[in-house]
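Geometric and topological summary
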Amino acid sequence: MTTIAAPISIDAFGLTDKGKVRPTNEDHFVVADINRTVDIRWGSLSPDALINRIGTNTAHLLAVADGVGGGPDGDVASERTAAAVLSYVGSAAVCFNELDTDREHELLGALENTVLEVHRELLSEVSSPNVKAPATTLTMVLLIWPRAYLIHVGDSRAYVRRRGRVQAMTRDQTFGEYMVSAGAWSEDQAMKFRTAETLASAVGGSEMTPSVGLIDLEPGDSLMLCTDGLTKHVTNERIEEVLAMAVDARTMTETLLADALNGGGTDNVSIIVARGVGS
Amino acid sequence: MLQKKICMVGMFATGKTCLVQRYVHSIFSPRYLSTVGVKIDRKEVNVRGEPVTLLLWDLEGRDGNHDVNPSYVRGAHGLIFVVDGTRRDTFDQAFDIRESITSQVGEIPCAFAFNKADLTDEWQLTQADEDAVSARGLHVLRTSAKSGTGVEETFQWLADATLQKTGA
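The next point concerns the sheet that holds strand 8 (residues 157–162) of chain A. Residue and element names in this part refer to chain A. Read from one edge of the open sheet, five strands run 2-12-11-8-9, paired in antiparallel fashion. Among the strands making up the open sheet, the edge pair consists of strand 2 (8–17) and strand 9 (165–168). Each neighbouring strand pair of the sheet contributes to a mean axis angle of 15°, computed without reference to strand direction. Pairing of strand 8 with strand 11 (residues 222–226), which is carried by five bridges, proceeds in the antiparallel orientation. Within strand 11, the residue paired with Ala158 across the bridge is Leu225. In the packing of helix 8 (residues 249–262) onto the sheet, the strands contacted are strand 2, strand 11 and strand 12 (269–278), and the crossing angle to strand 2 comes to about 25°.

Here you go:
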């Protein structure tokens, strides 16, 4: 029996922690491999020839969701949102092979719709228009090597490290970020106002505007997804330093969590690190 | 509904993201944040009575060392080459970039956006540059993401041209 191996393996790890201050953890995260296996029972075909016809057989879902504190059931919102995305991706696994442009847009549209459905469900379950629905952020990547599809709502983040440089793939969807973008506030002003942290877009929130993107990864690149419990306490420079370490994804993730807790741990924190490792 | 993939390409910091933001969300941000990978926005337009969804792929800017990723432009129906009118070097490389892309996707409708037209004091391009684009049979317009000048017209022209190209 010949099994066709993926040319790149994905080293991924994630964890969550309630931090040192909050009584409960309203974050949720998921790291999942979705496999479509082709086992050739007998044949004379070379695996090298087949790999180009069959394409990749594995997709990887990475997602962090930060339930909005101060509102009702933030943990329920974050869990339901992450679970809904996983459920969609799991059921759609057959579509991952050799996505052409149209199917790629279909996939992104379906992912957005999945998030939109959860958003509508959360809103529909509140008893009156004056009651806030459970709400959450969502930052998710569907990685079908080498392409990483990104859907982002709220102020959790995704970063990519390439050629020694870490760059944010997401922009926080907060009131402060919008004010700074519009040139109405300076970054210093945004740091001073508590309203700056208010989410301008959230699943279950009064507004929900997913941002969609993608990037083609290269061997050696790293992806890092996190909730704001990390970025409140750990600088971009430190994130860059940790992602540059010659260690596995688990060690990177645990190191970043330790940094967040040592820095105060004032919020729930969830972190996922994933990197493509050469065959 | 018909869907058309439009790619925004050009050197870094020419205003590709700002043009999309102006066109889709009617907003302008003076702050520069470089795009990583591709940001995708969607806008529904009407072209000669037909509803069309434009899928706007805002590609990270070319930095001189790295070519446009061919897999990002695969399947594109139209291209917008964004040039910063206050930086001559962003125009000097535009035809090279276009050539490398058309070698991947073939001849597809494309428009040149001479962007930042509001910065008239710093403008470095000439009528001869616009003529050079037109002479190649390409569409050229001065645009300003800040004021909105030429933005709607550029996207609408391209949407129309992509439908003409496919005969839809």
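Relative to the 26 Å expected for 18 residues at 1.5 Å per residue, helix 2 (residues 74–91) of chain A spans 26 Å between its end C-alpha atoms, a close match to the ideal helical length. If you follow the buried residues of helix 2 of chain A, they end up packed against strand 3 (27–35), strand 5 (58–66), helix 3 (101–124) and strand 6 (138–144) of chain A.

Below, the discussion takes up the packing of helix 7 (residues 236–243) of chain A against helix 8 of chain A. For any two helices packed against each other, one specifies the crossing angle of their axes together with the interaxial distance. All names here are of chain A. Where helix 7 contacts helix 8, the two axes come as close as 9 Å, and the packing angle between them is 155°. As far as their axial angle goes, helix 8 and helix 7 are roughly antiparallel. Along this stretch, helix 7 crosses helix 8, giving a crossing that reads as right-handed. For the pair helix 7 and helix 8, contact is made by Arg238, Ile239, Val242 and Leu243 and by Met252, Thr255, Leu256 and Asp259, respectively. Considering only residue class, the contact of helix 7 with helix 8 consists of five nonpolar, one polar and two charged.

All names here are of chain A. With respect to the element layout, Arg238 can be found in helix 7. Spatially, the C-alpha atom of Arg238 lies 37 Å from that of Ala92, the residues being 146 residues apart in sequence. If we ignore the near neighbours within four places in the chain, the residues touching Arg238 are Met245, Thr255 and Asp259. A polar atom in the side chain of Arg238 sits 2.6 Å from the side chain of Asp259.

Residue and element names in this part refer to chain B. One pass over the structure, following the stated rule, counts seven aromatic pairs over all chains. Measuring from centroid to centroid gives 5.5 Å for Phe91 and Phe95, while their planes differ by 70°, and the two rings are edge-to-face. Overall, Phe95 belongs to the buried group, its relative accessible area being 16%. Between Phe91 and Phe114 the ring centres are 5.4 Å apart and the planes differ by 75°, which places this aromatic pair in the edge-to-face class. Taken as a pair, Phe91 in helix 3 (residues 89–92) and Phe114 in strand 5 (residues 110–115) lie far apart in primary sequence, 23 residues in all. Taken together, the ring pairs connect Phe81, Phe91, Phe95, Phe112 and Phe114 into an aromatic cluster. Positioned above the aromatic ring of Trp57 is the side chain of Lys5, whose terminal nitrogen or guanidinium carbon lies 3.6 Å from the ring centre.

A few words now on the environment of B:Leu158. Its location among the elements puts B:Leu158 in helix 6 (residues 151–166). Considering only alpha carbons, one finds B:Leu158 and B:His139, 19 residues apart in sequence, at a separation of 8.8 Å.

Owing to its 3.6 residues per turn, the α-helix aligns residues three or four sequence positions apart on the same side. Residue and element names in this part refer to chain B. Taken together, the buried positions of helix 1 (residues 16–25) are occupied by Lys16, Leu19, Val20, Gln21, Tyr23 and Val24. As for helix 1, its buried residues are in contact with strand 1 (2–9), strand 2 (38–47), strand 3 (50–59), strand 4 (78–84), strand 5 and helix 6. Two residues or fewer past helix 1, Ser26 is found with a positive phi of approximately 55°.

Calculation notes
Residues numbered from 1 in each chain as written. Chains lettered and ligands numbered in written order. Predicted model: local features only at pLDDT ≥ 70, side-chain atom pairs only at ≥ 80, totals over all residues. Heavy atoms only, no water. Pairing = 2+ DSSP bridges. Helix = DSSP H or I, 4+ residues; strand = E, 2+ residues; numbered from the N terminus. Axes fitted to C-alpha atoms, helices over the stretch in contact; angles between N-to-C directions. Contact = heavy atoms within 4.5 Å. Expected span 1.5 Å × (residues − 1). Parallel < 35°, antiparallel > 145°, perpendicular 65-115°, else oblique. Left-handed = near helix turned anticlockwise from the far one by under 90°. Nonpolar A, V, L, I, M, F, W, Y, C, P; charged D, E, K, R; others polar. Polar contact = N/O pair within 3.5 Å; in protein donor to acceptor, adjacent residues only side chain to side chain. Phe/Tyr/Trp six-rings, centres within 6.5 Å; stacked < 30°, edge-to-face > 60°. Buried < 20%, exposed > 50% of the residue type's maximum accessible area, 1.4 Å probe, protein only. Lys NZ or Arg CZ within 6 Å of the ring centre and 35° of its normal.

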